[in-house]
Amino acid sequence: MTKDAVNPKLRLSKEEMRQYGYKIIDHIVDHFETQNSKKPVTIATREEMDLLLTEAIPDQPTPANEVLDFVMDHVIPNSNIVSHPKSYSFVPGPSNYVSVMADTLATGFNIFSGGWAASPAAAELEIVTMNWLLKIFGFPTKKGGGIFTSGGSMANLTALVTARRIKCKDDFSKAIIYLSDQAHSSNIKAIKVIGFKKEQIRIIPTDIEFKISLNKLKNAIAKDRLEGLQPFCIIASAGTTNTGTVDPLDQIATICKNENLWMHVDGAYGGAAILANKGDLLLKGIEKADSLTVDPHKWFFQPYEIGCLLVKDHNWLSGTFTEKPEYLRDIEGNESEINFYDHGIQLTRRFRALKFYMSLKTFGLDSFKKAIQYTIDLAEQAETILRKSSNWEITSPATLAIINFRYHPIGFDLTEEELDCINQNISNKIIASREALLVTTVLQGQIVLRMCLINPRTTIEDIQDTLEKCETFAKEELTTLQKQLS
Ligand SMILES: *Cc1c(COP(=O)(O)O)cnc(C)c1O
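Just so we're clear, the structure is a prediction, and the values are computed from it rather than from any experiment. (Residues numbered from 1 in each chain as written. Predicted model: local features only at pLDDT ≥ 70, side-chain atom pairs only at ≥ 80, totals over all residues. Heavy atoms only, no water.)

1. Some words on the overall build of the protein
If you tally the helices and strands in the protein, you get 15 helices and 11 strands. Taken over the C-alpha trace, the protein has a radius of gyration of 25 Å; the compact-globule value for 486 residues is 23 Å, and the two agree within 12%. Dimensions of the protein, computed from the C-alpha atoms along their principal axes, are close to 80 × 70 × 45 Å. Carbon and sulfur atoms form 55% of the exposed surface of the protein, whose accessible area is close to 23700 Å². The average position of the 53 basic charges and that of the 60 acidic charges among the side chains of the protein differ by 5 Å. (Helix = DSSP H or I, 4+ residues; strand = E, 2+ residues; numbered from the N terminus. Rg over C-alpha atoms; globule rule 2.2 N^0.38 Å. Areas by Shrake-Rupley, 256 points an atom, 1.4 Å probe, with all protein chains shown as cover. Lys, Arg positive; Asp, Glu negative; His and termini not counted. Charge placed at Lys NZ, Arg CZ, Asp CG, Glu CD.)

2. Things to note about the site of the ligand
Around the ligand, a shell composed of 14 residues is seen, among which Ser 153, Asp 266, Asp 295, His 297 and Lys 298 lie nearest. Gly 152 places a main-chain nitrogen or oxygen 2.8 Å from an oxygen atom of the ligand. Contact between the ligand and Ser 153: an oxygen atom at 2.6 Å from a side-chain N or O atom of the residue. Calculation on the ligand without its partners gives an accessible area of 380 Å², and the protein chains cover 86% of this total. Of all the elements, helix α6 (residues 152-168) adds the most residues to the shell around the ligand, at 3 residues. Of the residues that constitute the shell around the ligand, the class distribution is 2 nonpolar, 9 polar and 3 charged. (Near = heavy atom within 4 Å. Polar contact = N/O pair within 3.5 Å; in protein donor to acceptor, adjacent residues only side chain to side chain. Nonpolar A, V, L, I, M, F, W, Y, C, P; charged D, E, K, R; others polar.)

3. Here we look at the pairing of strand β8 (residues 392-399)
Two elements, β8 and strand β9 (residues 402-407), share 5 bridges in a ladder whose sense is antiparallel. The residue of β9 that forms the bridge with Glu 393 is Arg 406. (Pairing = 2+ DSSP bridges.)

4. Brief notes about the nonpolar core
Core analysis: the largest hydrophobic core is formed by 64 residues, its most contacted members being Phe 137 and Trp 299. When residues of this core are assigned to their parent elements, the largest contribution, 6 residues, is made by helix α5 (residues 120-136). Setting aside chain neighbours within four positions, we find Trp 299 in contact with Tyr 269, Gly 270, Ala 272, Ala 273, Ile 372, Thr 375, Ile 376, Leu 400, Ala 401 and Ile 454. Core analysis: the next-biggest nonpolar cluster, separate from the first, contains 32 residues, Ile 403, Leu 414, Ile 460 and Ile 463 among them. (Core = buried A, V, L, I, M, F, W, Y, C linked by side-chain atoms within 4.5 Å. Buried < 20%, exposed > 50% of the residue type's maximum accessible area, 1.4 Å probe, protein only. Contact = heavy atoms within 4.5 Å.)

5. Some details on the environment of Lys 86
Structurally, the position occupied by Lys 86 is in the loop between α3 (64-75) and α4 (97-108). For the pair Lys 86 and Ile 402, spaced 316 residues apart in sequence, the C-alpha separation works out to 14 Å. Lys 86 has contacts with Pro 40, Glu 435, Ala 436, Leu 437, Asp 462, Asp 465 and Thr 466, leaving out every residue within four places of it along the chain. One polar contact links Lys 86 to Asp 465, side chain to side chain, over a distance of 2.6 Å.

6. Comments concerning the side chain of Thr 206
Mapped onto the fold, Thr 206 is located in the loop between β3 (201-204) and α8 (214-226). Overall, the relative accessible area of 18% leaves Thr 206 in the buried class. Only 2.8 Å separates the side chain of Thr 206 from the side chain of Asp 181, close enough to count as a polar contact. The contact partners of Thr 206, leaving out residues within four places of it in the chain, are Ser 180, Asp 181, Gln 182, Lys 211, Ile 212 and Ser 213.

7. Observations regarding the environment of Phe 172
By the element assignment, Phe 172 lies in the loop between α6 and β2 (175-180). For the pair Phe 172 and Met 101, spaced 71 residues apart in sequence, the C-alpha separation works out to 44 Å. Discounting residues that sit within four places of it in the chain, Phe 172 has contacts with Arg 164, Ile 194, Gly 195, Phe 196 and Gln 200.

8. Overview of the pattern of salt bridges
If you walk through the whole model with that rule in mind, you get 22 salt bridges. Between Asp 69 and Lys 23 there is a salt bridge, and its shortest N-O distance comes to 3.0 Å. Of the two residues, Asp 69 sits in helix α3 while Lys 23 sits in helix α1 (residues 14-34), which places them 46 residues apart along the sequence. Of the charged contacts in the structure, one is a salt bridge between Asp 103 and Arg 350, with a shortest N-O distance of 3.1 Å. Placement of Asp 103 in helix α4 and of Arg 350 in the loop between α11 (314-321) and α12 (353-363) is noted, with a sequence separation of 247 residues between them. In this structure Arg 350 comes out as partly exposed when scored by relative accessible area, which is 31%. Connected via shared salt-bridge partners are Lys 86, Asp 465 and Lys 469. (Salt bridge = Lys/Arg side-chain N within 4 Å of Asp/Glu carboxyl O.)

9. Quick notes on unusual backbone geometry
With an omega of -5°, the peptide bond between Tyr 304 and Glu 305 qualifies as cis. Assignment of secondary structure puts Glu 305 in the loop between β6 (291-294) and β7 (307-311). Backbone geometry places Ser 95, a non-glycine residue, at a positive phi of 60°. Of the residues examined, Ser 95 reaches a relative accessible area of 12% and is grouped as buried.

Take a look at the structure:
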């Protein structure tokens, strides 16, 4: 491209496109090959990023390769590597190359995945993959349905809009919704988005294992009924983000049945564990949900963004989201030809089913099962290592690949504040070293370290290495404390 030539057709030549594309592929493949030797953590202030990236609107063209080089030098490296084996925090995004390429295809062909007529094959693949998921989770494949969303937050939102329409019709002024204090924040966000007041939300305490207290849940429902309110929905967690804990789904299903409540299961984190050995036991009762959120861009190893909502009856979605504007009348098709814009909030939708389809087909479900099992076992191995040490204490045992622990050495008389301080500083120092992404969470009032080990490329040696670094930092903290005391 000649410099300074305005390009109103927004086109590159065939050769330029190839060269540009191959270069990007090379960058991505290099990243997959070398990411383990990079540091997973990036630290940058707003000032630093302003200095690096702020610029006026570029009125004139810049050569494509120059822009790409700039991005590779300054933008891409200033992000955490969430697929790094030592990226333990939040929920990592292990991703996989086949899905990355599938996303490239979907975007390259700019496939509109809203209505049947625009792409019958995209709609059909969404139906096909949704049926796979329905089957995996024990939902009815004939009557059941679902939709891919941008992520778990949107899936939860879509579920609650649906639940409200089915259970409350038009008046939800007295409707009450129940969830535990360990439920994911996206649920509260969704409840607020759809216009519920704070007084309509019951946050039920959890027990010592971080499961919702059934007794307190039943008490709350009974009390609300006595006050003339309308209990309508329980959100159960199938794998809380903090500890991987699964609420007693079977018993919650019974309560929902007896009380005529909607049962939504937020399985955005832990749903994938259904593919592990005894997955049906781990997640017993999940099949009884009216709606279920799962999040393929977490433990199903997809790149961002893909979430998913499954429902027992696909008519619940179409009944909730169908609008019939005149400008869409020509693409409506017949009943069996699903327009996914009628099943959720978005009209224009990217072709998310493609990456799920291509990666599952390429690697096979058995590979996914083995990958998930490996990560569950890995967390248990980490627990064994920690339990053998006189310096570490387990706060929440390995559960669905999540483990919470803290530095608490035997033989030292440390206060809770001192322990909190030590563990916070371990995290601060490991982050500052950029060697591992390991942050804290708070459980039962204690600051603890949390590892979420869903990356099938993380090894036990990676974990040992990180724990050794943590111990070194912890000893520094102890020394500092002792100096302050003497
Ligand atoms: C991650 C998560 C969500 C939100 O999903 P996003 O894909 O981040 O929008 C909801 N619930 C749970 C339990 C999660 O772990």
